[in-house]
Amino acid sequence: MAISRPSPPPARTAAAPSGAATTPAEPAADLRVDLGGVTLANPIVTASGTFGSGREINQFFDVNRLGAVVVKSITRHPRPGLPTPRMVETSGGMLNAIGLQNGGIDAWLAEDLPWLRQHGVPAIVSIAGNTVEDYQVLAQRLRGVEGILAVEANISCPNVEDRGTVFACRTEATREAIRVVTANLSVPVFAKLTPDVTDITAIAASAREAGATGVSLINTLLGMAIDAETGRPRLGGVTGGLSGPAIKPVAVRAIHQVHQALPDIPIIGMGGVSTVTDVVELIRAGATAVAVGTATFGNPMASLEVLEALPDWLAARGIDRVADLRGTVQLPG
Amino acid sequence: MSSQITPRGSDPQVFGREEGPLRAFCEVLGAKRVGSYWSLTFVAPAIAERARPGQFVTLAVDVGGATLRRPFSIASVSQQGPWAGTIEIVFSGVGQGTHWLAQRGKHDVLDLVGPLGRGFPLPNRQVPALLVGGGYGAAPMLYLARTLGARGHRVDVVLGARTAEQIYNTIEAKRAAASATFTTDDGSLGTQGIVTDVLDGVAEHGRSEVVYGCGPMPMLAGVARWAADRGLPSQVAVEEAMACGTGVCMTCVVPVRRKGQRRNVRACVEGPVLNGARVDWDAVRSPAMAQHELDEETG
């Protein structure tokens, strides 16, 4: 494979309008990726909490064109979320403190899943809890349910049984939460990890030991903003998660570290992705699939635009299979 | 439907479906100053065709490090003229993003998404309507006033602001309504005070049966409470910090009571126009509300 060697783009028209008839070119690159035993048609997915239920963005394009839609985190019971303000724009990103507002698993199974199935949307279900039992109950409710491609366990949540310490900040809590999820499900399970830890490879390894198929990297970074005039926190929840282009280097680093330490496990990469080169960067670091997140807030078509740009990027460099790009970072000597 | 990026006729830079919001790259047709505000008019036939009073558009701005769009109520829509479909927005130009917008001129092309959200429901019967606008929230009120006027409603307008130059377009207000009343904090135009000080008189004179509002949250709270006390239905366009405008981010929620239960509804899709009697104003925590409470505490 010559994919690490820069090659000049061939002299042909790039970025032909989608669906337009052009002169027959080389066969389109194979975009399929294997995500821990399930095949995605392409590596572009959505980041949980940035794509609603799927319906909202389907107003703009057929969301079943994406590799998968990762739905907003679902909890055992309905949650009203935090008081506003819930969002502060920052340089190169934003802080959010939503508080996992959602209608609970019963409402999701009754209202949102049927829509996703009806529209042929490959669905990855994100679940979140505050106790090990929450994760267990959620996994049991999802067991055997048709139309679920994989489950993403969002363990970047406060563990109320451990004085609010985030599960994914401790190896033992990670193991406990992931074990009850994997024990109850036959679909692949991905542990979504926070980058706010000293050694993310240790957390990823404990998720793996507990039976996780792979990991999702990264969740938002914890941040805070204060109004200079009033001295008040600018978020109702005081602290919040930082996302957007500002955090992309952190995502690349975390994905790289985990892929180097655990080369065999699939990784769903996310963090500040808004262009096709961002996608390539995360894949070269070690991501199997890449989620577009906050970019969808600024542009509802962001995930589709990235997907449509990917075949041309690959073709221009003579790359036949996107899967061959994975982990192709060229480290010094 | 299989192909979703749909070039529409003569306007190839429009994406979306046969109904619902569109993403469109729109040329600025006109930029002007109105009092202390700014107005931008865009050639946007596809958006204009679908827009209703109370709906909004979001615009991408190019300011250092900003990745989010800025939401704006639609201030007017024109389906006629040589440009066959324009929309106008009005804004303060105070924030970083709107300051950048204020520098845009004719022929600049901006990235718009819209129309978004739920607009003002129009009455089934031809009842007299009272429209209350605060600051540049007056602009969408005048759009509604023209729409109601064209349907044969009597419309009375009350516009309030801190100073005379922050009262949006008094001439258009007088033209669009049977009566136009102004209030300013400093008394530089109309009655010195706030909009709720004059509502009783205007409503009595106009025999108002329905109330509409757009403006800062503390003003909307006052208008909604005033209407509820008099048994009048109210519909108000709320404002909250918003990241996406399309319903996916859950940041712009407003507490609403339904069937005895409080729910956080998204201002961008379930609003921005909400039933004023259902909003739990005491639980609203927008920055403007917090500042309002701070002002009251400190007198």
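Source: prediction; values computed, not measured.

**A short note on the overall build of chain A**
Within chain A, the regular secondary structure consists of 9 helices and 16 strands. On C-alpha atoms alone, chain A measures out to a radius of gyration of 20 Å, which is about the 20 Å that the 2.2 N^0.38 rule sets for 333 residues. Along the longest, intermediate and shortest principal axes, the C-alpha atoms of chain A span 60 × 55 × 45 Å. Every one of the 333 residues in chain A was classed for burial, and the buried ones make up 56%. Contacts spanning at least 24 positions in sequence make up 72% of the contacts within chain A whose residues lie at least 6 apart. Carbon and sulfur atoms provide 52% of the accessible area of chain A, an area that totals close to 13400 Å². In chain A, which carries 26 positive and 30 negative side-chain charges, the distance between the mean positions of the two groups comes to 2 Å.

**Digging into the overall build of chain B**
Looking only at helices and strands, chain B has 7 helices and 17 strands in total. What you see for chain B is a C-alpha radius of gyration of 19 Å, in line with the 19 Å of a compact globule of 299 residues. In terms of its C-alpha atoms, chain B occupies a principal-axis envelope of roughly 50 × 40 × 40 Å. Residues classed as buried in chain B amount to 57% of the 299 residues present. Here the contacts in chain B between residues at least 6 apart in sequence split such that 61% fall between residues at least 24 apart.

**Things to note about the interface of chain B and chain A**
When the parts come together, some accessible area is lost, and that loss is often what is quoted as the size of the interface. At the junction of the two partners, chain B supplies 38 residues and chain A supplies 38 residues. For the pairing of chain B and chain A, the buried interface totals around 3100 Å² over both sides, and the portion due to carbon and sulfur atoms is 56%. Counting the contacts that link chain B with chain A gives 4 salt bridges. R23(B) is the partner of E305(A) in a salt bridge, and the nearest nitrogen-oxygen pair spans 2.5 Å. On the surface where chain B and chain A come into contact, there are 15 residue pairs in polar contact (both at pLDDT 80 or more). Among the secondary structure elements, those contributing two or more residues to the side of chain B that touches chain A are β1 (14-16), β2 (22-34), β16 (261-266) and α7 (287-298) of chain B. With 4 residues, α7(B) is the largest single contributor of residues to the side of chain B that touches chain A.

**Observations regarding the pattern of salt bridges**
Residues and elements named next belong to chain B. Enumeration according to the criterion identifies 28 salt bridges over all chains in this entry. Salt-bridge contacts for R154 lead to D156; the nearest nitrogen and oxygen are separated by 2.8 Å. Residue classification places D156 among the buried residues on the basis of a relative accessible area of 0%.

**Quick word on a nonpolar patch on the surface**
A cluster of nonpolar residues, M224(A), I226(A) and V238(A), forms a patch on the protein surface that exposes about 270 Å² of accessible area. In this structure, V238(A) sits in the loop between β13 (221-224) and β14 (239-243).

**Side note on the side chain of T251(B)**
All names here are of chain B. Looking at the element boundaries, T251 is found in the loop between β14 (234-237) and β15 (253-258). Classification of T251 by relative accessible area gives buried; the value is 1%. Separated by 3.5 Å, the side chain of T251 and the backbone oxygen of A241 make a polar contact. A polar contact is formed between the side chain of T251 and the backbone nitrogen of A243, at a distance of 3.3 Å.

**Digging into the confidence of the model for chain B**
Residue and element names in this part refer to chain B. When pLDDT is averaged along chain B, the result is 91, and 90% of the positions lie at 70 or above. Across residues 1-10, confidence stays below pLDDT 50; counting only partners more than four residues off in sequence or on other chains, it has 22 contacts. Predicted complex, confidence summary: ipTM 0.89, pTM 0.91.

**Focus on helix α7 (residues 276-285) of chain A**
All names here are of chain A. Across the 10 residues of α7, 7 count as buried, placing the element largely inside the fold. If you check which residues of α7 are buried, you get V276, D278, V279, V280, L282, I283 and A285. Of the surrounding elements, those touching the buried residues of α7 are β3 (44-46), α6 (248-261), β15 (267-270), β16 (289-292) and α9 (302-316). Residue G286 follows α7 closely and has a positive phi angle near 140°.

**Observations regarding the state of the cysteines**
All names here are of chain B. What the rule picks out here adds up to 0 disulfides over all chains. You can see C244 has no disulfide; the closest cysteine sulfur is in C249, sitting 3.6 Å from it. The cysteine C252 is free of any disulfide, with C268 supplying the nearest cysteine sulfur at 3.8 Å.

**A few points about a positive patch on the surface**
Together, R52(B), R118(B), R151(B), R258(B), K259(B) and R278(B) make up a region of like positive charge exposed at the surface. By the element assignment, K259(B) lies in the loop between β15 and β16.

**Quick notes on the sheet that holds strand β12 (residues 214-217) of chain A**
All names here are of chain A. If you walk across this open sheet you meet the 8 strands as β3-β16-β15-β12-β11-β8-β7-β4, and the pairing is parallel. The open sheet terminates on both sides in strands that have one partner only, identified here as β3 and β4 (69-70). With 3 bridges joining them, β3 and β16 adopt parallel strand pairing. Pairing of T46 across the sheet is with V292, part of β16.

Rules used throughout
- Residues numbered from 1 in each chain as written.
- Chains lettered and ligands numbered in written order.
- Predicted model: local features only at pLDDT ≥ 70, side-chain atom pairs only at ≥ 80, totals over all residues.
- Heavy atoms only, no water.
- Helix = DSSP H or I, 4+ residues; strand = E, 2+ residues; numbered from the N terminus.
- Rg over C-alpha atoms; globule rule 2.2 N^0.38 Å.
- Buried < 20%, exposed > 50% of the residue type's maximum accessible area, 1.4 Å probe, protein only.
- Contact = heavy atoms within 4.5 Å.
- Areas by Shrake-Rupley, 256 points an atom, 1.4 Å probe, with all protein chains shown as cover.
- Lys, Arg positive; Asp, Glu negative; His and termini not counted.
- Charge placed at Lys NZ, Arg CZ, Asp CG, Glu CD.
- Buried area = accessible area lost by both parts, 1.4 Å probe.
- Salt bridge = Lys/Arg side-chain N within 4 Å of Asp/Glu carboxyl O.
- Polar contact = N/O pair within 3.5 Å; in protein donor to acceptor, adjacent residues only side chain to side chain.
- Patch = residues over 30% accessible without salt bridge, like charges linked within 9 Å, V, L, I, M, F, W, Y side chains within 5 Å.
- pLDDT = per-residue confidence, 0-100.
- Disulfide = S-S within 2.5 Å.
- Pairing = 2+ DSSP bridges.

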